[in-house]
Each structure stands twice: as structure tokens, then as C-alpha cells.
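Each chain is listed here by its residues.
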Amino acid sequence: MLDQSQPLQQREIKKQFKELEGIIKDIATREKNLSDILLQKPADQTIPQSQHEITQNQEIFEVCNAIFLGKEDEESKEQIQAFKEKLKQDSNLANATYRFFLEKENIFFKKLIENDNDIVLRKLIDILPEVQKKQLKDYKPNQISNLLHIASQKGSNKVIKVLMNADFIINEKNNLGDTALMISSKNGHTSVVEELINCQAEVDLNDIFGNTALMIALQNGHIEVVMALIKGGTNLDLKNVANDTALMIASKNGHASVVKALIDGGADVNAAYRDWE
């Protein structure tokens, strides 16, 4: 049972860590505890872990444990800071820590994004040296999208801010040709769309079908997102590969209020419906 005297934020972080602990247990084994799982060697590893590797893994785990539990006592703060400085000097330890964050079925980053847990995510990214932070920007858990794309899909607004502060490239496309703005527009996450626009996301990039974020939002019926994109200065007269403009898409889908907003915004009502030439 959680101690109710703890600050709410700390209790919430502790609760989420318990959830993570349970998930890791389910993935690995129902009989081993968390420490055993984190210290066990990979199944295909024939050479036993050295004492150095075991000690290293334990050190990483203890620091992550302090971060996940939101420990604010001076001893924990000093432990985390000392570990951060050590990572700058020890590339092997830095790489081991980075792998630790990404392994175990991507539990740490994936779960933090799903829960919009910006506090722990920021602290985990903060302890990584610049080399590993750069690697993190290229990391794609599902081989398609990076963490910014995944956060945009989940609607993790606070996480978006953390990733932008970590210098993720806002207009980078995933392997399907979609930017974070397109993904959040498709999923109807208005607050994320607004945040990305505030962070200078390019509103008029297009996907492999020539659709802009505005067109994607219209196709999926997300009217609030459409209004946010119009407010964000998107070009109203661009055409996709089918030669449809946003106004044409809105008209075909019966979005009268959007049609009015597009016309009021200066959309070309005389644009040709098809280019047959």
C-alpha cells in the first residue's frame, strides 16, 4: 500500500514504477523479481556475465530505481548526479545505460510516453551523454517511428515538450513519410498539434499522397485540429496527388463550418477539381 503521506506526484511515480515492474516480470518470468531479471544474461549468451557486468547493471538499476521512485533526498540526488558525471567519462557504461533504457521490450520509454510521464522521461534523458542523446533521436522502437512520432500518436503533450527540449527534429518524417504534426492531426490530438505549431513545425509538408496535415485532419473528421491548423497559418490551396484541395475535401465530407472557415480564410473557391491535362 502506498504511503498517503507522500506528495501526490511522488505517489503517482511510485505507482507507475510498480506497473513497470509488473510488466517486466510478465515479459521475463513470473517467478523472478525485478533485480534478477535486470541482471540475468541474454538467453543466447553462452559466456556468463563477469562480476564487472553484474556490478555495472546493478549500478544502472539503482539509479533508474531512484529516478522512477522520484527520490528527492540528498543522498539520491548526489547518487544520480555522480552517475551522470561518471557516464561522461566512461563510454562503456554510457552505452550500457543507453541499452538498458531501450531493452526489456522497450518498457521504459514506451510506457513513459503512454502515460505522458514527462518528469521521469526528462530525468532519464538528462543523465545520458550527448552521444547517446543523439542516438536516441534516431531510435525507432517499431522500426518505423521515433519517440517523437510515437508521442504524437499517443497524444502525449507533456512528453512532446521534453523531446523538443532534447532537440528532436520536429519535421523529421517516419518511414511512412509522416511528420509528428501529420500523425497528431490524423489522431485528433488538438493540444499536441498546437504545441508542435508553437515549436515551429512546418504546417505544409505533405505525405506520400501529397496530403498536408490540414487534409489529413479533414479526411479523419477532426474539426478542432483543422481550426488549429488554419489558425497556425497553413496554406489553404495546396493540392494532393488527386488534385484535391482542403476546400474540396471539406465539401465532399459535408463539413459546412469548415468550408465557411476555409473560405473566410481566403481559400480559392474556383480551384479546378481535377487536372485532366
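Conventions adopted
- Residues numbered from 1 in each chain as written.
- Predicted model: local features only at pLDDT ≥ 70, side-chain atom pairs only at ≥ 80, totals over all residues.
- Heavy atoms only, no water.
- 1 Å grid on protein atoms, 1.4 Å probe; cavity = no way out; pocket = protein on both sides within 12 Å on 5 of 7 lines; lining within 4 Å.
- Points joined across faces, edges and corners; volume = space filled by probe spheres on them.
- Helix = DSSP H or I, 4+ residues; strand = E, 2+ residues; numbered from the N terminus.
- Nonpolar A, V, L, I, M, F, W, Y, C, P; charged D, E, K, R; others polar.
- Patch = residues over 30% accessible without salt bridge, like charges linked within 9 Å, V, L, I, M, F, W, Y side chains within 5 Å.
- Areas by Shrake-Rupley, 256 points an atom, 1.4 Å probe, with all protein chains shown as cover.
- Salt bridge = Lys/Arg side-chain N within 4 Å of Asp/Glu carboxyl O.
- Lys, Arg positive; Asp, Glu negative; His and termini not counted.
- Charge placed at Lys NZ, Arg CZ, Asp CG, Glu CD.
- Contact = heavy atoms within 4.5 Å.
- Core = buried A, V, L, I, M, F, W, Y, C linked by side-chain atoms within 4.5 Å.
- Buried < 20%, exposed > 50% of the residue type's maximum accessible area, 1.4 Å probe, protein only.
- Axes fitted to C-alpha atoms, helices over the stretch in contact; angles between N-to-C directions.
- Parallel < 35°, antiparallel > 145°, perpendicular 65-115°, else oblique.
- pLDDT = per-residue confidence, 0-100.

Of the voids in this model, the second largest pocket is the one considered here, and its volume is about 360 Å³. As for the second largest pocket, its lining consists of 19 residues, and the residues nearest its centre are Asn174, Leu176, Asp178, Ile183 and Lys186. Residue assignment for the lining of the second largest pocket shows that the elements contributing at least two residues are α8 (147–154), α10 (180–186) and α12 (213–219). In terms of residue class, the lining of the second largest pocket is made up of 7 nonpolar, 9 polar and 3 charged.

Time to look at a negative patch on the surface. A contiguous patch of negative charge, built from Asp73, Glu74, Glu75 and Glu78, is present on the exposed surface. By the secondary structure assignment, Glu75 is in helix α4 (residues 74–89).

Residues other than glycine seldom take positive phi values, yet Asp167 does so here, at roughly 65 degrees. Looking at the element boundaries, Asp167 is found in the loop between α9 (157–165) and α10. Look at Asn243: it is not a glycine, yet its phi comes out positive at around 65 degrees. Looking at the secondary structure, you find Asn243 in the loop between α13 (223–231) and α14 (246–252).

The subject of this paragraph is the side chain of Thr212. Of note, Thr212 is situated in the loop between α11 (190–198) and α12. Apart from residues no more than four positions distant in its own chain, Thr212 is found in contact with Val203, Asp204, Leu205, Asn206 and Leu238.

Next up on the list: the nonpolar core. Side chains of a nonpolar character, in soluble globular proteins, are inclined to be buried together. Core analysis: the largest hydrophobic core is formed by 66 residues, its most contacted members being Leu136, Leu163, Leu181, Leu229 and Leu262. Take this core: its biggest share by element is 11 residues, from helix α5 (residues 91–114). Beyond its immediate stretch of four places on either side in the chain, Leu229 contacts Leu181, Ser185, Val193, Ile197, Ala213, Leu214, Ala217 and Thr234.

Our next topic: the pattern of salt bridges. Considering all chains together, one arrives at 7 salt bridges under this definition. Here Lys86 makes a salt bridge to Glu59, at a shortest N to O gap of 3.2 Å. Taken together, the residues Lys86 in helix α4 and Glu59 in helix α3 (residues 51–68) connect sequence positions 27 residues apart. Since its relative accessible area comes to 25%, Glu59 is described here as partly exposed. Asp244 serves as the salt-bridge partner of Lys252, at 3.2 Å between the closest nitrogen and oxygen.

At a minimum axis separation of 11 Å, α13 and helix α15 (residues 256–264) run at an interaxial angle of 5 degrees. The angle between α13 and α15 places the two elements in the roughly parallel class. Seen from α13, the contacting residues are Ile223, Val226, Met227 and Ile230; seen from α15, they are Ser257, Val258, Ala261 and Leu262. Residues of the contact of α13 with α15, tallied by class, amount to 7 nonpolar, 1 polar and no charged.

So, on to α9. Of all the residues in α9, the buried ones are Asn157, Val159, Ile160, Val162, Leu163 and Met164. Positive backbone phi, at 65 degrees, marks Asp167, one or two positions downstream of α9.

With that settled, the discussion passes to α11. Taken as a whole, α11 has its buried residues at Thr190, Val192, Val193, Glu195, Leu196 and Ile197. Among the structural elements, α8, α9, α10 and α13 are those in contact with the buried residues of α11. Where α11 ends, the next residue or the one after it, Gln200, has phi of about 75 degrees, a positive value.

As a further point, take the confidence of the model for the chain. Confidence in the prediction for the chain averages 81 pLDDT; 78% of positions are at 70 or higher. Here helix α2 (residues 34–39) is the element of the chain with the lowest mean pLDDT, 42, and α10 is the one with the highest, 97. Counting interchain partners and residues more than four positions distant, the pLDDT-below-50 stretch residues 27–48 has 33 contacts.

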